[in-house]
Amino acid sequence: MVKRTARKGTKKPRKRGTANRFPLIEMAIGKRTKAELIEIVMKMAKSHAAVARELEDQLDIEKPVDLLVADVSSAIDRATDFDEREVNYNFDVDWQAYADARKGLRKLVDLGYLDDAKLLALKLMRDGSYQVECSDEGLMTDDIEDCLRPVIRAVQTSGGADADEWAKEMQKADRVGFICEHELAELRNKP
């Protein structure tokens, strides 16, 4: 049996998990000019939609309505997206996208763009109820209802002849038949 000895100059293995990158990043940032930092942040925002959304939230940016509508539509797409190969399973859900959709729909209602909010609510009902139908437990039902309720309340408040028609479209788009069923039935029965 040959006994091996450590070679001269061999380093001991490092302990894992002790390095911290954030002080290094902080030092590097401190050495940059304001213009360089803006360029870095903008490059990151253009490459990563999540970074752009976070910046918009942190900087409290007031978006024009057409951008707000596009963002809500995108949030609905992200929220209701799932892999159809995972039907009848508890698939991953983008809960932040549901929060973004809820916030955006509420903002549209608050700004008085109810027609846009109604169209987006119809899209959410159609796509969200399909997601509920295809999932194992329908865990996203409450989030969908939380998104839709401000729009339903605004339609109820505004009334008008098209309130009944919109509620009927919403019920028709509901593939599972129970999302906001009481609120929509009440809206249809309102004189």
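A few points on the structure. A quick note: this is a predicted structure, and the numbers were derived from the prediction, not measured. (Residues numbered from 1 in each chain as written. Predicted model: local features only at pLDDT ≥ 70, side-chain atom pairs only at ≥ 80, totals over all residues. Heavy atoms only, no water.)

Focus: the state of the cysteines
What makes a disulfide is a covalent bond joining the sulfur atoms belonging to two cysteines.
Thinking step 1. Following the criterion strictly, the structure yields zero disulfides and no others.
Thinking step 2. There is no disulfide at Cys180, and the cysteine sulfur nearest it, in Cys147, is 9.5 Å away.
Thinking step 3. Judged by its relative accessible area of 0%, Cys180 falls in the buried class. (Disulfide = S-S within 2.5 Å. Buried < 20%, exposed > 50% of the residue type's maximum accessible area, 1.4 Å probe, protein only.)

Regarding unusual backbone geometry
Thinking step 1. Even without being a glycine, Asp60 presents a positive backbone phi close to 50°.
Thinking step 2. Within the secondary structure, Asp60 sits in the loop between helix H3 (49-58) and helix H4 (65-80).
Thinking step 3. For Cys180, which is not glycine, the phi torsion reads 50° and is therefore positive.
Thinking step 4. As for its placement among the helices and strands, Cys180 is situated in the loop between helix H8 (162-173) and helix H9 (181-189). (Helix = DSSP H or I, 4+ residues; strand = E, 2+ residues; numbered from the N terminus.)

Section: the packing of helix H7 (residues 141-158) against H9
Thinking step 1. The interhelical angle for the contact between H7 and H9, taken along N-to-C directions, is 10°, at an axis separation of 10 Å. One finds that H7 runs roughly parallel with respect to H9. The element H7 and its partner H9 pack so that their crossing is left-handed. From H7, Arg149, Ile152, Val155 and Gln156 reach across to H9, where they touch Glu183, Leu184, Glu186 and Leu187. (Axes fitted to C-alpha atoms, helices over the stretch in contact; angles between N-to-C directions. Parallel < 35°, antiparallel > 145°, perpendicular 65-115°, else oblique. Left-handed = near helix turned anticlockwise from the far one by under 90°. Contact = heavy atoms within 4.5 Å.)

Concerning the layout of surface pockets
Over the atoms rolls a probe the size of a water molecule, and in doing so it shows where empty space is left.
Thinking step 1. When its volume is computed, the largest pocket comes out at roughly 630 Å³.
Thinking step 2. Around the largest pocket, the lining is made up of 25 residues, and of these Arg53, Glu56, Asp57, Lys63 and Lys103 lie nearest the centre.
Thinking step 3. Every element with two or more residues in the lining of the largest pocket is listed here: H3, H4 and helix H5 (95-111).
Thinking step 4. Residues of the lining of the largest pocket, tallied by class, amount to nine nonpolar, three polar and 13 charged.
Thinking step 5. There is about 160 Å³ of room inside the second largest pocket.
Thinking step 6. Along the walls of the second largest pocket sit Ile25, Ala28, Ile29, Arg32, Leu37, Ile40, Val41 and Met44, which together make up its complete lining.
Thinking step 7. The set of elements that each furnish at least two residues to the lining of the second largest pocket consists of helix H1 (22-30) and helix H2 (34-47).
Thinking step 8. Across the lining of the second largest pocket, the residue classes tally to seven nonpolar, no polar and one charged. (1 Å grid on protein atoms, 1.4 Å probe; cavity = no way out; pocket = protein on both sides within 12 Å on 5 of 7 lines; lining within 4 Å. Points joined across faces, edges and corners; volume = space filled by probe spheres on them. Nonpolar A, V, L, I, M, F, W, Y, C, P; charged D, E, K, R; others polar.)

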